[in-house]
Amino acid sequence: MDPKVAASEKFFIVIRGKSRKGFGHGCIGRVDAEAPCGELTGTLYSGGGAAGSPHSGGVVRREDTYPLTRRQAQLLLFVSSAKRRLDLLCNPQLFCAVCELAQGDLVVVKYKKGHFPALVRNLMEIGRKEEGIGDLHMLGFEVEFMDSDQDLSSKEPAPLPLFSAADVFQVVPSVRQGLQWKDGMCGGPNRKVMTRINSMPNTGFHARQVEENRPKHSVIQRRSSSTPHVSLEVGSMVEVVSNSGVPVYGAVQWLGVPEGKADKWAGIELDYEVKGCSDGSYGGHRYFTCKVGMALFVPVTKLNADSRFVSLSTGNENIKPTDEPPDPEFEDLEDYAPPIPESEALSLLVGRMKGIQGHINSCYLDATLFSLFGSSVTLDNIWKKPAHSEKAITCTLRKVVNRLRRQGFVPAESVMNFREQLGCDTFRTEEKDPEEFITVLFQKVLCIEPLLKLRSGKETCQGAYTLQIFLEKEQMGQMPTVQQLLDTSCLSGDLKFDEMPTCLMVQMPRFGNKYKMFSHIIPSTELDVTDLLYNSPRECFICGRLAAFECLQCLPDRKLQPGRIKQYCSTCNPQVHSHPSRQGHSPKALSVPADAGSDSPVPRHVMQLLAVLCIQTSHYVSFVKFGPDPHSWLFFDSMADRSGDDQPGYNIPVIRACPELGDFLSRPEEELARSNPSQATELVRRLLSDSYMFLYQNPGHAPFQAKPAGV
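Remember, it's a predicted structure, so these values are computed and weren't measured experimentally.

**Q** Sorry, what's going on with the overall build of the chain here?
**A** Assigned secondary structure in the chain consists of 15 helices and 37 strands. Counting across all 711 residues of the chain, residues that qualify as buried make up 53%. Sequence separation of at least 24 residues holds for 66% of the intrachain contacts in the chain that already meet a minimum separation of 6. Counting only carbon and sulfur atoms, one obtains 50% of the accessible surface of the chain, whose full area is about 32,500 Å².

Next up, the structure:
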């Protein structure tokens, strides 16, 4: 093809928007004409038997496309699945590296059920022998696998396997000691590792050339044996050089001395499956939980910091390895972005640079926003108001939520814009507790009436956004449940809900990281508030008929299920209190609805656990339920890792799947009360010991009542 013609051609891939005639998500096209209104008329390309041949296309909105060079379009066209094309585009750094591959480069390819190192031998064009007008030949890679002894096979050459750009999992720098490539080929010392690790946001932004996202400089030098090893902690991102000389990467999930070993080892959850690796078990003992083939246990002396995020300068170049990665543009359409569905949450959210990026003491805000808006529809009624009627700060928050739900990542700059509009400089610079932010969020930003209407005795009900647990430690056992804490606190303070809450945020009896009344608290996946509703029918604890009396002194009675609220009908009340140990009790009469039948079944009012905010050493994180499956739990830390020093560096938010929490919470309550938290997995143990606030939602998702304008 004439180079001048090739240079003038414009190609694109459809990344979003409703499917229109001729084009759908992941389709590759060539721009034929562009209308002033922003619509593109394009020619559609397809694979298969008519690989690379143009078809009649259609019209697509420009903002629903992503521009491609001819080479990029050829590489993506050879990827048969539209989803895999878009997944590859979601990692612009890796895509750039794949687009620049040349003969002799070392890669890791996904093949069958594993990942294997291989050398690129040829770049192959696939298409009709006689190129027609407008044809776009597909591009693939012929690769030669490396033997396990790091030397290439000397057997008679066989047909080389052909791989697409989406099959390349990693582009490896060829600078490791001991590696000898055939024909003496090896990459230069300035090649950077690029890996498909879900570390970049999902593509949902307006067009910008992939080349613009590529770092201008990066240098990785071979570490000498005298280089000190990185300081490790759970969550640290590390790399290990495999037996074949290819580095593998992952996050430290466990540190300690395994059974039968004398030195300190690390349990690493790898970025991808490796044959022979486990699911978090080693030597018959479970140290953490992950997918089979992704857990690697090695001595800590074998670990180094993840070189994808730490670069070492030669001293000859003015390189800034800690500059923050380019922030992909995001065009908010101001329409309603629904919560992330359970089926898509893991692929969209799990990984590094996922969730909300922390910055300058923002962890309390990041964890709260992610818990409230990531996967829950509880608050979604507020987004269905006309956008023009919203305050400026509400529009800013809407953009943050939309970006989280569409891309799975919100950069620190977007959140800082929201923090600056909260009306107080301390929200921009200082550490705060979630309850303070929640009050401002609902009252000033969302303009929502108090979520809770509380009544003490027969007094007028008062509004509140969160509920603080108040009680004496002696009233509870060593490891109480949230249900027991709530029941005891409300009964002790003669407190009732005037109506069923839509969202209930329960603050534990602790003060920041300085004091906590209980060393461990067991989450209640369901919170029964039937007996905490004012003027609502309740059933007798003994016979199940309509209750008329309630007794605080019976709450801890070991003969009557300690920790459960006790209410009795007119018949059972005198019988229960005839026992010598209860004769000194003072049961109180209940307010019973006049139309309540004495024998009618009492409906139960239950709330579901949505999220848990935790704090450890002044740092807030969250555990979030993202679907009905008991194992659908995520752990989110907006400042899990950091690249660079304080000034030029940036925080790396991390989201991890936490199915083991579902396993733990599915056990019977009696078994949980007898469990030993020290034997639980790291994340479960952290939840039990660091819980600060539990967030519950009404399964009915009743809409919120907005304040009148001007209030």
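Once you've had a look at it, read on.
**Q** Would you mind going over the pairing of strand S34 (residues 619-625) with me for this structure?
**A** The side chains of a regular strand alternate between the sheet's two faces. Summarising burial for S34: seven of the seven residues are buried, a large majority. Of the two faces of S34, the one holding His619, Val621, Phe623 and Lys625 and the one holding Tyr620, Ser622 and Val624 are both buried throughout. Here strand S33 (residues 606-616) pairs with S34 via six bridges, running antiparallel. Each bridged residue has a counterpart across the sheet, and for Leu613 the counterpart in S34 is Ser622.

**Q** Can you help me understand the packing of helix H7 (residues 392-407) against helix H8 (residues 412-420) in this one?
**A** With their axes 9 Å apart at the nearest point, H7 and H8 run at an angle of 155 degrees to one another. What the angle tells us is that H7 and H8 run roughly antiparallel. As for how H7 packs across H8, the hand of that crossing is left-handed. Residues Ile393, Thr396, Leu397, Val400 and Arg403 of H7 touch H8, and the partners they reach there are Ser414, Asn417 and Phe418.

**Q** Any chance you could explain the packing of aromatic side chains here in plain terms?
**A** Each pair of aromatic rings is reported with the distance of its centres and the angle of its planes. In this structure the tally under the stated criterion is 16 aromatic pairs. Joined through ring pairs, the aromatic side chains of Trp254, Trp265, Tyr282, Tyr287, Phe288 and Phe297 make up one cluster. Sitting above the plane of the Phe427 ring, Lys432 keeps its charged end 4.7 Å from the centroid. The ring of Phe541 carries Lys566 above its face, with NZ or CZ at 5.4 Å from the centroid.

**Q** Can you help me understand the sheet that holds strand S25 (residues 495-497) in this one?
**A** Strand pairing in a sheet is mediated by backbone hydrogen bonds. Such pairs are either parallel or antiparallel. Overall, antiparallel pairing links the three strands, which are arranged S23-S22-S25 in an open sheet. Every interior strand has two partners, whereas the edge strands, strand S23 (462-464) and S25, have only one. On average, each strand axis in the sheet is tilted by 40 degrees relative to the strand beside it, whichever way the strands run. Pairing of strand S22 (residues 452-456) with S23, which is carried by three bridges, proceeds in the antiparallel orientation. Within S23, the position partnered with Leu452 by the bridge is Ala464.

**Q** I keep staring at the sheet that holds strand S17 (residues 295-299) and nothing clicks. Help me out?
**A** The strand order across the open sheet formed by five strands is S17-S14-S13-S12-S18, and the pairing between neighbours is antiparallel. Two strands in the sheet have a free side with no partner beyond their single neighbour: S17 and strand S18 (304-305). Pairing of strand S14 (residues 265-270) with S17, which is carried by five bridges, proceeds in the antiparallel orientation. Its bridge partner being in S17, Glu269 is matched across the sheet by Ala295.

**Q** What exactly am I supposed to notice about the packing of helix H6 (residues 363-373) against H7 here?
**A** The geometry of a pair of packed helices is captured by two quantities: the angle between their axes and the separation between those axes. Taken N-terminus to C-terminus, the directions of H6 and H7 make an angle of 70 degrees; their axes are 11 Å apart at the nearest point. Considering the angle they form, H6 stands roughly perpendicular to H7. Note on packing geometry: the crossing formed by H6 with H7 is right-handed. Contact residues: H6 offers Leu369, Phe370 and Phe373, while H7 offers Leu397, Val401, Leu404 and Arg405. Across the contact of H6 with H7, the residue classes tally to six nonpolar, no polar and one charged.

**Q** I'm lost on H8 in this one. Help?
**A** Every α-helix carries 3.6 residues per turn, so stepping three or four residues along brings you back to the same face. Within H8, burial applies to Ala412, Val415, Met416, Phe418 and Arg419. The buried residues of H8 occupy an angular sector of 160 degrees when projected down its axis, which confines them to one face. Looking at the buried positions of H8, the neighbouring elements they touch are strand S20 (355-356), H6, H7, strand S21 (409-410), helix H9 (426-429) and helix H10 (434-445).

**Q** Honestly, the pairing of strand S8 (residues 138-145) in this entry has me stumped. Any pointers?
**A** When you tally the buried positions in S8, you get seven out of eight residues, the bulk of the element. In the sheet, S8 pairs with strand S9 (residues 162-163) via two bridges, with the strands oriented antiparallel. Bridging across to S9, Glu142 finds its partner in Leu162.

**Q** Got a minute to help me understand the pattern of salt bridges in this structure?
**A** Think of it this way: side chains of opposite charge can pair up when their charged atoms draw near. All chains considered together, the criterion is met by 17 salt bridges. In this structure, Arg84 engages Asp167 in a salt bridge whose closest nitrogen and oxygen atoms are separated by 2.8 Å. Taken as a pair, Arg84 in helix H3 (residues 82-89) and Asp167 in the loop between S9 and strand S10 (168-172) lie far apart in primary sequence, 83 residues in all. Note on Arg84: relative accessible area 32%, which makes it partly exposed. The partner of Arg538 in a salt bridge is Asp531, with the nearest N and O atoms 3.6 Å apart.

**Q** I'm lost on the side chain of Glu682 in this one. Help?
**A** Among the secondary structure elements, Glu682 is positioned in helix H15 (residues 682-690). Overall, the relative accessible area of 15% leaves Glu682 in the buried class. Polar side-chain contacts of Glu682 include one of 3.4 Å to the side chain of Arg656. Dropping the residues within four chain positions of it, Glu682 is found in contact with Val234, Gln253 and Arg656.

Rules used throughout
Residues numbered from 1 in each chain as written. Predicted model: local features only at pLDDT ≥ 70, side-chain atom pairs only at ≥ 80, totals over all residues. Heavy atoms only, no water. Helix = DSSP H or I, 4+ residues; strand = E, 2+ residues; numbered from the N terminus. Buried < 20%, exposed > 50% of the residue type's maximum accessible area, 1.4 Å probe, protein only. Contact = heavy atoms within 4.5 Å. Areas by Shrake-Rupley, 256 points an atom, 1.4 Å probe, with all protein chains shown as cover. Pairing = 2+ DSSP bridges. Axes fitted to C-alpha atoms, helices over the stretch in contact; angles between N-to-C directions. Parallel < 35°, antiparallel > 145°, perpendicular 65-115°, else oblique. Left-handed = near helix turned anticlockwise from the far one by under 90°. Phe/Tyr/Trp six-rings, centres within 6.5 Å; stacked < 30°, edge-to-face > 60°. Lys NZ or Arg CZ within 6 Å of the ring centre and 35° of its normal. Nonpolar A, V, L, I, M, F, W, Y, C, P; charged D, E, K, R; others polar. Arc of directions from axis to C-beta. Salt bridge = Lys/Arg side-chain N within 4 Å of Asp/Glu carboxyl O. Polar contact = N/O pair within 3.5 Å; in protein donor to acceptor, adjacent residues only side chain to side chain.

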